[in-house]
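Spelled out, the chains give:
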Amino acid sequence: MKIALAQLNLVVGDLAGNARAILNAAQQASRQGARLLVVPELALCGYPPRDLLAWPSFLEATKQQLTKLARELPPNLAVLTGTIIGNLLATEGGKSLFNSAVLIDSCALRHVFSKRLLPTYDVFDEGRYFEPGKKAEWFTLDDIKIGVTICEDIWNNNQFWGRKFYDVDPLAELADCDVDWVVNLSASPYTIGKPRLREEMLQHSVLNYGFPIAYVNQVGSNDDLIFDGTSLVISRTGAIAARGASFETGLIITEFNPETRDFVVTGQEGSWPHSLPLLADEQPLPEQTGLLAPLAPSTDAELWSALVLGIRDYARKCGFRKIVLGLSGGIDSTLVGALAVAALGAENVLGVLMPSPYSSDHSITDALALAENLGFQTLKLPIGDLMATFEQTLAEPFAQTQPDVTEENLQSRIRGNLLMALANKFGYLLISTGNKSEMAVGYCTLYGDTNGGLAAIADVPKTRVYSLCHWLNQGQVGAAAFARLVSQGAEIVPSNVLNKPPSAELRPDQLDQDSLPPYEILDDILDRLVNRRQSLADLVAAGHESATVRRVMHLVARAEFKRRQTPPVLKVSDQAFGVGWRMPIASCWQLSDA
Ligand SMILES: NC(=O)c1ccc[n+]([C@@H]2O[C@H](COP(=O)([O-])OP(=O)(O)OC[C@H]3O[C@@H](n4cnc5c(N)ncnc54)[C@H](O)[C@@H]3O)[C@@H](O)[C@H]2O)c1
Ligand SMILES: Nc1ncnc2c1ncn2[C@@H]1O[C@H](COP(=O)(O)O)[C@@H](O)[C@H]1O
Ligand SMILES: N[C@@H](CCC(=O)O)C(=O)O
Ligand SMILES: O=P(O)(O)OP(=O)(O)O
């Protein structure tokens, strides 16, 4: 039996567009002779629908779209699609919806399976909307017994994690039902290294529970969440029967053999994708039959692709064709400039140079060198006159004061204002360039360099910004925009950008390192504090100076008000400063207290 898994890039709320993407995949799968097509979690409404689920009109429209889709699907193909389903018993208690997989066969709705484990940690808030499914469920297709799970349902493998997250274990219950194989419909957000982690977990689960697993994951980015795809089919032995490409749409076709009760393993490697089509869903899905698309060769390569997809999808799903950013010749704006070019093409990126009397010459020359390397346009808007006008206007109220950080911030706010003016006038998306290290300690100006529609690298620590830029210069980047440079062995990131010390250039001779611990130390403290919730004692035991740790903890807590007002942050770590980080602002608790 041929089984097809469609890694689709779905848009939240685009019910007709998502239905079309499912239908296209179904027609393609049917032409390939597939008997069953599986598409991702909540594919019809897009994931995550968040509070759209509170609108009765949205629920009704989704229901109607499902009925219409069922009528249009090829009759010889069974389709398992993620969608929302009303809980008819909600009046007797419980939430009014299920997060479900619906089996459509011969153009009719045959069975509904509902997600049993509803995550409520980090970015997930499914208990807010959904009632959990009550029991393990499966269906029979041509005498093959297929167990159905949805995303979190497969993440409670106690033996793999060495701890139990939920009392219910849907996979263990399906093992008791003696199913032939289990399918999982997912919308599993990307974090660094997660494609490999999922693979290890699923291989362990196959051996632990004793059945093959086919796992289909959404691809694309919705708001702050990036979905990598990397769907998998794991055979009974733990061997990988198929692996979908990461960060690309695709139709994975695999063969289940009823005799061996297993998927056929070819072990053939496919090719690593070299380009990310802009509107992939409107073209036929790239097909992979029994192929293993390789995992990214390094976490830098993986992270790069994730950020490119995150920027591209945010722009196109919000209706932007062009990006603007402030280009200072520093490493952060350099990385964001390169990402923007890879995401939308050099012809759609504008870098704005805004020198002040404190700007170095290399802030101009390095920014221009990058723009020339990558072929995008620049605009130079010196801000000295605007600074003088601001200072003049504020001269009277500031008469009895000394220049301080206020004047520094004015420069940043002038730049932020100019960038937003360009964004308004020409319909650009302004991307802010702050990295995670500065967002963590508040080393940025509210309504200044934090301005923007999307914070593209605000979950990327400064040390990783450097490693991504070094990786870019190693010439392994696949983006078409860099093909010429890569083929000539030329640098993408000007070497001076990599070698000079980071500086805000808001006053003479200012260096980040005069205000902050060295970034290697700061980033290790932040990783332990923010991602791993370590205490002062833990951090000191790890070799950090107590005074430095206390200072960082204080800065992190004090900067909460800034983070709450910054743009959506593309999530790439286990703990991003986004919807999964819910710290109080007006709080007396010192992180160093415990
Ligand atoms: N802009 C840049 O490009 C850049 C880059 C690197 C470093 N920096 C550095 O970042 C620093 C920015 O200075 P800053 O932190 O004073 O800037 P800021 O103006 O962004 O934030 C401080 C202001 O925020 C308000 N505020 C403080 N606590 C608040 C709260 N709990 N709720 C609401 N509002 C509150 C107050 O008005 C306060 O003056 C400077 O040291 C600058 O050198 C800036
Ligand atoms: N001189 C500058 N021209 C354009 N954009 C600038 C300039 N200086 C700073 N910026 C923008 O602000 C952020 C933060 O600057 P830091 O150097 O980190 O202080 C920078 O990435 C640019 O987007
Ligand atoms: N914990 C899983 C699943 C979350 C979900 O059910 O959406 C993940 O990170 O991918
Ligand atoms: O934000 P940038 O680009 O100016 O980078 P840096 O802060 O390292 O100068």
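Residues numbered from 1 in each chain as written. Chains lettered and ligands numbered in written order. Predicted model: local features only at pLDDT ≥ 70, side-chain atom pairs only at ≥ 80, totals over all residues. Heavy atoms only, no water.

As annotated in an unreviewed UniProt entry, the chain is Glutamine-dependent NAD(+) synthetase from Limnothrix redekei LRLZ20PSL1. UniProt's Pathway (unreviewed entry) comment on the chain is quoted here verbatim: "Cofactor biosynthesis; NAD(+) biosynthesis; NAD(+) from deamido-NAD(+) (L-Gln route): step 1/1." Note on the chain: under the UniProt heading Catalytic activity (unreviewed entry), the record states "deamido-NAD(+) + L-glutamine + ATP + H2O = L-glutamate + AMP + diphosphate + NAD(+) + H(+)". (UniProt positions renumbered as here; feature names shortened; annotations may be inferred.)

Brief notes about the overall build of the chain
When helices and strands are tallied, the chain shows 19 helices and 23 strands. Considered along the principal axes of its C-alpha atoms, the chain spans approximately 85 × 55 × 45 Å. Split into buried and exposed, the 594 residues of the chain put 57% on the buried side. For the chain, the share of sequence-separated contacts (at least 6 apart) that also reach a separation of at least 24 residues comes to 75%. As displayed, the chain has an accessible area near 24,300 Å², and 53% of this comes from carbon and sulfur atoms. Charged side chains in the chain number 50 positive and 66 negative. The centres of these two groups are separated by 3 Å. (Helix = DSSP H or I, 4+ residues; strand = E, 2+ residues; numbered from the N terminus. Buried < 20%, exposed > 50% of the residue type's maximum accessible area, 1.4 Å probe, protein only. Contact = heavy atoms within 4.5 Å. Areas by Shrake-Rupley, 256 points an atom, 1.4 Å probe, with all protein chains shown as cover. Lys, Arg positive; Asp, Glu negative; His and termini not counted. Charge placed at Lys NZ, Arg CZ, Asp CG, Glu CD.)

Some remarks on empty space enclosed by the protein
Enumeration over the complete set of coordinates arrives at four cavities of 30 Å³ or more. Space inside the second largest cavity adds up to approximately 70 Å³. As for the second largest cavity, its lining consists of F113, S114, R116, K135, A136, E137, V148, T149, D153, P170 and L174. Contributing elements (two or more residues each) for the lining of the second largest cavity: β5 (108-114), β7 (144-150) and α4 (170-176). Considering only residue class, the lining of the second largest cavity consists of five nonpolar, two polar and four charged. (1 Å grid on protein atoms, 1.4 Å probe; cavity = no way out; pocket = protein on both sides within 12 Å on 5 of 7 lines; lining within 4 Å. Points joined across faces, edges and corners; volume = space filled by probe spheres on them. Nonpolar A, V, L, I, M, F, W, Y, C, P; charged D, E, K, R; others polar.)

Things to note about the sheet that holds strand β23 (residues 454-455)
Taken together, five strands build an open sheet; the order of strands is β21-β20-β19-β22-β23 and the sheet is parallel. Either end of the sheet is taken by a strand with one partner, and the two such strands are β21 (377-380) and β23. Relative to strand β22 (residues 429-432), strand β19 (residues 323-326) runs parallel, the two being bridged by two bridges. Residue pairing across strands places V324 opposite L430, the latter belonging to β22. (Pairing = 2+ DSSP bridges.)

So, the site of ligand 1
Around ligand 1, 16 residues are found, and the nearest of them are E408, R413, T445, L446 and K562. The contact in question runs from an oxygen atom of ligand 1 to an N or O atom on the side chain of E408, over 2.6 Å. The contact in question runs from an oxygen atom of ligand 1 to an N or O atom on the side chain of N409, over 3.2 Å. Surface burial for ligand 1 is 60%, taken as the share of its 870 Å² of free accessible area covered by protein chains. Considering each element in turn, the shell around ligand 1 owes the most residues, five residues, to helix α10 (residues 405-426). In terms of residue class, the shell around ligand 1 is built from eight nonpolar, four polar and four charged. (Near = heavy atom within 4 Å. Polar contact = N/O pair within 3.5 Å; in protein donor to acceptor, adjacent residues only side chain to side chain.)

Considering the layout of surface pockets
Its boundaries defined by the atoms lining it, the second largest pocket holds a volume of some 1,100 Å³. Taken together, 42 residues form the lining of the second largest pocket, with Y121, D122, R533, D574 and Q575 sitting closest to its centre. Mapped by element, the contributors of at least two residues to the lining of the second largest pocket are α5 (194-209), α16 (519-531) and α18 (546-558). Counting residues per element, the lining of the second largest pocket draws most heavily on α16, at four residues. Of the residues in the lining of the second largest pocket, the class split is 22 nonpolar, eight polar and twelve charged.

Considering the packing of aromatic side chains
Each aromatic ring pair is summarised here by two numbers: the centre-to-centre distance and the angle between the ring planes. Under the criterion given, the structure shown has 16 aromatic pairs. Here Y129 and F130 contribute two aromatic rings whose centre-to-centre distance is 6.1 Å and whose plane-to-plane angle is 65°, an arrangement assigned as edge-to-face. As far as burial versus exposure is concerned, Y129 and F130 are alike and both buried. A centroid spacing of 5.1 Å and a plane angle of 75° characterise the contact between F577 and W581, whose relative ring orientation is edge-to-face. F577 sits in the buried class, given a relative accessible area of 6%. Residue class for W581 comes out buried when judged on its relative accessible area of 13%. Site record: aromatic cluster; members linked through ring pairs are W155, F160, W161 and F165. Just above the ring of W138 sits the side chain of K145; from NZ or CZ to the centre is 4.2 Å. The lysine or arginine in question, K436, covers the ring of F577, its NZ or CZ lying 5.7 Å from the ring centre. (Phe/Tyr/Trp six-rings, centres within 6.5 Å; stacked < 30°, edge-to-face > 60°. Lys NZ or Arg CZ within 6 Å of the ring centre and 35° of its normal.)

So, the site of ligand 3
Of all residues adjacent to ligand 3, which total 14 residues, the nearest are K115, Y121, E152, S188 and K194. Here an oxygen atom of ligand 3 sits 2.7 Å away from a polar atom, N or O, in the side chain of K115. In the complex, the protein chains occlude 96% of the 300 Å² of accessible area that ligand 3 would expose alone. Judged by the fraction of its atoms near the pocket grid, ligand 3 is located in the second largest pocket. In the shell around ligand 3, the residues fall into eight nonpolar, one polar and five charged. (Sits in = over half its atoms within 2 Å of the grid points.)

Re the pairing of strand β8 (residues 181-186)
In terms of burial, β8 is largely enclosed, as six of its six residues are buried. Both faces of β8 are covered, namely the face carrying W181, V183 and L185 and the face carrying V182, N184 and S186. Relative to β8, β7 runs parallel, the two being bridged by five bridges. Paired with V148 across the two strands is V183, which belongs to β8. The pairing of β8 with strand β9 (residues 213-217) spans five bridges and is parallel. When the bridges of β9 are listed, L185 appears paired with V216. Traced from β8 through α5 to β9, the parallel crossover comes out right-handed. (Right-handed = clockwise from strand over helix to strand, strands pointing away.)

Concerning the environment of C151
Within the fold, C151 resides in the loop between β7 and α3 (158-161). Distance from C151 to P357, taken between C-alpha atoms, is 54 Å for residues 206 residues apart in sequence. What C151 contacts, discounting residues up to four positions off in sequence, is E41, K115, N184, L185, S186, A187 and S188.

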